[in-house]
Every structure is written in C-alpha cells, then in structure tokens.
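An overview of the molecular structure
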Amino acid sequence: MDRREFIGASLTAAAAAGLSACGVKTTGKPKATGAKMKLSFYPYELQLAHTFTVSSYSRKTTPDVQVEIEYEGLTGYGEASMPPYLGHTVESVCDFLSKVDLSGFDSPFLQEDIMEYLDTLSEGDAPAKAAVDIALHDLCGKLSGQPLYRLWGYNPAKAGPTTFTIGIDTPEVVREKTLECAGKFKILKVKVGLDSDEMMIRTIRSVTDVPLAVDANQGWKDKQKALDEIFWLKEQGIVLVEQPMPKERLDDVAWITERSPLPIIADEAIQRLKDIPRIKGAYSGINIKLMKSTGLLEARKMIAYARAEGMKVMVGCMTETSCACTAAAQLAPAADFCDIDGNLLITNDLFEGMKVVNGDMILPDRPGLGLKKL
Ligand code: MG
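Notes on the structure follow. (Residues numbered from 1 in each chain as written. Predicted model: local features only at pLDDT ≥ 70, side-chain atom pairs only at ≥ 80, totals over all residues. Heavy atoms only, no water.)

1. Structural notes on the packing of aromatic side chains
Inclusion rule: Stacked, tilted and edge-to-face are the three classes applied to pairs of Phe, Tyr and Trp rings, where Trp contributes its six-membered ring and a pair requires centres within 6.5 Å; stacked means planes under 30 degrees apart, edge-to-face means over 60, and tilted covers the rest. Strands are runs of DSSP state E lasting at least two residues, helices are runs of H or I lasting at least four, and both sets are numbered from the N terminus onward. For every residue, the accessible area (1.4 Å probe, protein chains only) is compared with the maximum for its type, and the residue is labelled buried under 20%, exposed over 50%, or partly exposed between those bounds. We count a charge as sitting over a ring when the NZ of a lysine or the CZ of an arginine lies within 6 Å of the ring centre and within 35 degrees of the ring normal.
If you walk through the whole model with that rule in mind, you get four aromatic pairs. Taken together, a centroid distance of 5.4 Å and an interplanar angle of 50 degrees make the contact between phenylalanine 105 and tyrosine 117 tilted. Here phenylalanine 105, found in the loop between helix 2 (90-99) and helix 3 (111-121), pairs with tyrosine 117, found in helix 3; they are 12 residues apart in sequence, far enough to count as distant. Ring centres 4.7 Å apart and planes at 20 degrees place the aromatic pair phenylalanine 164 and phenylalanine 185 in the stacked group. With phenylalanine 164 in strand 6 (residues 163-166) and phenylalanine 185 in the loop between helix 6 (171-181) and strand 7 (187-191), this residue pair connects regions lying 21 residues apart in the sequence. Its relative accessible area of 15% is what places phenylalanine 164 among the buried residues. Sitting above the plane of the tryptophan 255 ring, lysine 223 keeps its charged end 4.7 Å from the centroid.

2. Overview of the coordination of the magnesium ion
Test applied: Here a donor is any nitrogen, oxygen or sulfur atom (N, O, S) within 2.8 Å of the metal, with 3.2 Å used for Na, K and Ca; water is not among the atoms considered, so some sites may look incomplete.
Taken together, the protein donors to the magnesium ion comprise Asp215 (OD), Glu242 (OE) and Asp267 (OD), at separations of 2.1 to 2.2 Å. Going along the chain, you hit the donors of the magnesium ion in the pattern D-x26-E-x24-D. One end of the pair, aspartate 215, is in strand 8 (residues 212-215); the other, glutamate 242, is in strand 9 (residues 238-242), and 27 residues separate them in sequence. You'll find aspartate 215 and glutamate 242 in the same group, each marked buried.

3. Digging into the sheet that holds strand 10 (residues 264-266)
Convention followed: Two strands form a pair only when DSSP identifies at least two bridges running between them.
The strand order across the open sheet formed by eight strands is 6-7-8-9-10-11-12-13, and the pairing between neighbours is parallel. The open sheet is flanked by strand 6 and strand 13 (337-338), the only strands paired with a single partner. Relative to strand 7, strand 6 is paired through four bridges, and the arrangement is parallel. Bridge pairing in strand 7 links phenylalanine 164 to leucine 188.

4. Digging into the side chain of aspartate 64
Applicable threshold: Within this scheme the basic residues Lys and Arg register as positive and the acidic residues Asp and Glu register as negative, but His and the chain ends are omitted. For this analysis, a salt bridge means a side-chain nitrogen from Lys or Arg found within 4 Å of a carboxyl oxygen belonging to Asp or Glu. Distance and chemistry together define a polar contact, namely a pair of N or O atoms within 3.5 Å, with one atom able to donate a hydrogen and the other to accept it when in protein, and with adjacent residues in sequence counting only for side-chain atoms on both sides. Contacts were defined at the residue level, with two residues in contact if any of their heavy atoms lie within 4.5 Å.
On the secondary structure map, aspartate 64 appears in strand 4 (residues 64-71). One buried charged residue, aspartate 64, forms no salt bridge at all, with the nearest opposite charge on arginine 59 at 9.7 Å. Among the polar contacts listed, one links the side chain of aspartate 64 to the side chain of glutamine 66, at a separation of 2.9 Å. In contact with aspartate 64, other than residues within four places in its own chain, are Tyr42, Pro43, Tyr44, Leu46, Glu79, Ala80, Ser81, Met82 and Val90.

The structure is reproduced here in structure tokens:
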C-alpha cells in the first residue's frame, strides 16, 4: 500500500467509525441517501392452549402486535407481546409505532442509532421497541445471508434445552399437564408463590424426575420461610429459583441469595441494561426477556455486563409467536438457562422457527431469524 492508498483507506475507516477526516466525531442522524425502510404493524391476539395462572393473575389470551420492516425487497419480522402485568396495551404499542419515522436512516444495519432514536421517543414502550429491534435484526441477517447466531459467533449446537412452564392449577390438571410434557423436555419450570407450592412440586414429582426450575413471581413474602422452602426445593431436584420475593425488597432477596443453595434469578426486578448495577450482588443472575430489554441489541449488552459481574444468564420470553421466541433463541448458546416456550403455549402461531427436539432447541439454519411464515 503506498501513501495515497493508505490515506484513502484511513478516510474510509474513519467514515465507517463515524469520525470526520480530522478525527472529530460527527453527530446527528445520518442523512438518508439510498433505499428506505418501510415499517408496518398490526394487532394479533394470541390464543393460549390452557388458561395460564401465576401467583398474581390468570389469563386465556395475550395481546400482541406484529411488525414488518421492508427494505430492498426483503421483509424483517418483529413482534411486541404484552402480558398484562407490564402495563402495555395494543393501543400503547400502536401509538408508539405510529410515531416511529425510519426515513432518516439509510439502512437497518444502523441498529445503535435507530435504538438510540427510539429511546428519545419515550422512556418506556419496551415491547414496541423490541418489535422494531427484532425486525431490524431479521433484516440484517437476511441482507448478510446468515443466521444471526452465526453473525454473532455463537455455536447453534450449544443452544441446549429450554424449560417448559407449568402454571399453578389443581393437582389433577398439574398431573395431566406434566404427563403431557414430561417426555418432551429435559427441564420443566414450575410456577409457585401461592399456598400450593408443596402440592405443585409433589404432584410433578409423582410423574417425573426431570430437573425443575421454580418461579415464585414475587409471591413469597417472608424471607426466612422462603429460604426454608428453597432448602426443601433443593432436595426435590430444583435447580434454580426465579424472583422469590417482591422486586422492591432487594435487601431481603440479597439475604436469601447469600444463604441459598440454589441460584436466585431476577426477573421482574430487571428490565434493561441500566438495571443491572442496582441489583448485582442481590441476585445470582438475570432473566433477560426481549420484551423488557427493548430487543436483541440491548440483550447482548446485558449478557456481556452480567458475565463481567460473574452473574448467571437466563433467557426467557413472554407468550409470543415463533417470531420473538426464535429471536430470543438466537441468544441461547450464550445463556446458562433458557425458558423459551412461549410459542408452544399458543394455538395460533404465525411462523415456523426455532423447534424443540428431544428437549433441545434447534435453531433454523436460514438467514436472519430463519422464520417461515405459516
Ligand atoms: Mg419469571
């Protein structure tokens, strides 16, 4: 390379890094010059196969909004799922998405800029932001001709098992549901946190010996009782405990985590990257869900931060179609535990994507999320 070629190459590299020729960082939205992205969305109500009960509510449907971003003849798919406890609605998601103007961005690869822009539109609206993020990632994978996990350097053979969730119910129903799924999954997740915990565990144990995760969904109120129960759960083959107490009671959770023989994972207590410094030390790990994290871009930063703090990483989901679940499953090779069964809980999926075979997640070997529309 001669001197002229060297200067040319340096300018190109500086431009790619967002630097001007004199090394001063340029700011503001990039100017649109080429193809435009076209965002569209529509509400879609998810039908649950069974009424789903956790410690605070029951439901038979989940509101959802499907998102598509078209660019250069390709379509990226995204999704916002809104379980009631997070306070989002079809209306709030559609309101947010109708404010999103992608015309100032040249390409879906400008994910950092676009997500930064979405955060300027509102502080919350995580599911709506996640829907845009997922569609952008799908597009970028398609434009690159590669599945996302490959672009990130993850080994799909390490996706591993997902839990399948059993909600709180009568012993007869719990037994029937466990019989239905016990042979298909290597690990089950059991909802606890009401007065029926012992019944739930004993009923499941009368059917199967597979490892269990439990999720109290903030349902335990007394720290000593919670700790006693965790010791009993360990004897029953439970491998982790999710959100044992109300998210506000950080000191009590820290007290439990310090003494617990099982990892204690934060779910309701953590939404985004900025929440990790506040809860680190009080929990052993975090449950990352795309609908809380605003999508994959921030989820990957959360994984890096949690690892740097020596925390365990769980990747979860809401009740979702295979769109958002397959997006979450792209992160599975980087996680310790996965709870990505939302698509298996609904009867009206829109896509074929990640599959569970012999209890393990199989990621599609197709570009982007690798979805096929049903
Ligand atoms: Mg949970």
